[in-house]
Amino acid sequence: MLSDDDRRTLAELESELEADPEFAARMAAPESEVRFPIVFALCVALFVLVPPVMILFGWPGVIITVDVFAAVIAVILIARHRRER
């Protein structure tokens, strides 16, 4: 239970926040969509693929696989950065 003094203080804070148009706009904005964690999924896929690639193709195959995954992740991160601007 709140005391009368606490209720008055809370009411004052609420009225100040409602009068702030910037705060009201931020609170009224819809929540952003939750993104699929594609970078995490790619890292898991790389972790799973490295042993079979190593067995089948050796070190050159692992190096090429890691390079391809690194390039794909870089492209995804650059695209996200450009979209946020």
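Residue numbers here run from 1 along each chain, matching the order of that chain's written sequence. Selection of residues for local features in this predicted model requires a pLDDT of at least 70, selection of side-chain atom pairs for listing and counting requires 80 or more, and totals for whole chains, interfaces and linings are taken over all residues. Note that the side-chain values use all heavy atoms of the structure and ignore hydrogens as well as water.

- The name given to the chain in an unreviewed UniProt entry is DUF3040 domain-containing protein, with Actinoplanes lobatus as the source organism.

## Regarding the nonpolar core
- Buried Ala, Val, Leu, Ile, Met, Phe, Trp, Tyr and Cys residues that are joined via side-chain atoms within 4.5 Å together make up what is termed a nonpolar core. Between buried and exposed lies partly exposed: a residue is buried under 20% and exposed over 50% of the maximum accessible area for its type, with that area taken using a 1.4 Å probe on protein chains only. In this structure, L42, L46, F69, I73 and I76 together form the largest nonpolar core, which totals five residues.
- When checking whether two residues touch, look at their non-hydrogen atoms; a contact exists if any pair is within 4.5 Å. Excluding residues that lie within four positions of it along the chain, F69 makes contacts with L42, A45, L46 and L49.

## Details of helix 3 (residues 38-84)
- Over its 47 residues, helix 3 extends only 17 Å from the first C-alpha to the last, a length that falls short of the 69 Å expected when each residue adds 1.5 Å.
- One axis fitted to the seven residues ending at a residue, another fitted to the seven starting there: the angle between these axes is the bend at that residue. Secondary structure follows DSSP: runs of H or I at least 4 residues long count as helices, runs of E at least 2 residues long count as strands, and numbering of each begins at the N terminus. The largest bend in helix 3 comes to about 135°, at F57, with the proline P60 one to four residues further on.
- Looking only at helix 3, the buried set comprises L42, L46, V53, G58, G61, V62, T65, F69, I73, I76 and R80. A helix's residues, less one, multiplied by 1.5 Å, set its expected span.

## Digging into a nonpolar patch on the surface
- Together, F40, V44, F47 and V48 make up a nonpolar patch on the protein surface, roughly 460 Å² of accessible area in all.
- Of note, F40 is situated in helix 3.
- Taking the relative accessible area as the measure of exposure, F40 reaches 59% and is therefore exposed. Exposure above 30% relative accessible area and the lack of any salt bridge qualify a residue for a patch; like charges then connect within 9 Å, and the nonpolar side chains Val, Leu, Ile, Met, Phe, Trp and Tyr within 5 Å. Method for areas: the Shrake-Rupley scheme with a 1.4 Å probe, in which residue coverage is limited to the protein chains shown. When a carboxyl oxygen of Asp or Glu lies within 4 Å of a side-chain nitrogen of Lys or Arg, that pair is called a salt bridge.

## Structural notes on the environment of D5
- Within the secondary structure, D5 is located in helix 1 (residues 4-19).
- Sequence separation between D5 and R82 is 77 residues; the distance between their C-alpha atoms is 49 Å.

## Brief notes about the UniProt feature "transmembrane region" (unreviewed entry) in the chain
- UniProt positions are given in the numbering used here, feature names are shortened, and annotations may be inferred rather than shown by experiment. Residues annotated in UniProt with the feature "transmembrane region" (unreviewed entry) correspond here to residues 36-55 and 61-79.
- Taken end to end, residues 36-55 comprises 90% helix and 0% strand; its first and last C-alpha atoms sit 31 Å apart.
- The straight-line gap between the two end C-alpha atoms of residues 61-79 is 27 Å; of that span, 100% is helix and 0% is strand.

## A short note on the side chain of R80
- Inspection of the secondary structure puts R80 in helix 3.
- Under the relative-accessibility criterion, R80 is labelled buried at 19%.
- Setting aside its immediate chain neighbours within four residues, R80 contacts R35, F36, I38 and V39.

## A short note on the confidence of the model for the chain
- Values of pLDDT, ranging from 0 to 100, describe the predictor's confidence in every residue of the model. Looking at the chain, pLDDT values average 88 and 94% of them are 70 or higher.
- Taking the mean pLDDT of every element in the chain, the minimum, 75, falls on helix 2 (residues 21-28) and the maximum, 95, on helix 3.

## Here's the deal with the pattern of salt bridges
- For the coordinates displayed, the defined rule picks out one salt bridge.
- In this structure, D5 and R8 form a salt bridge, with 3.7 Å as the shortest nitrogen-oxygen distance. Placement of the pair is D5 and R8 together in helix 1, with a separation of three residues, close to one helical turn.
- What makes D5 partly exposed here is its relative accessible area of 46%.

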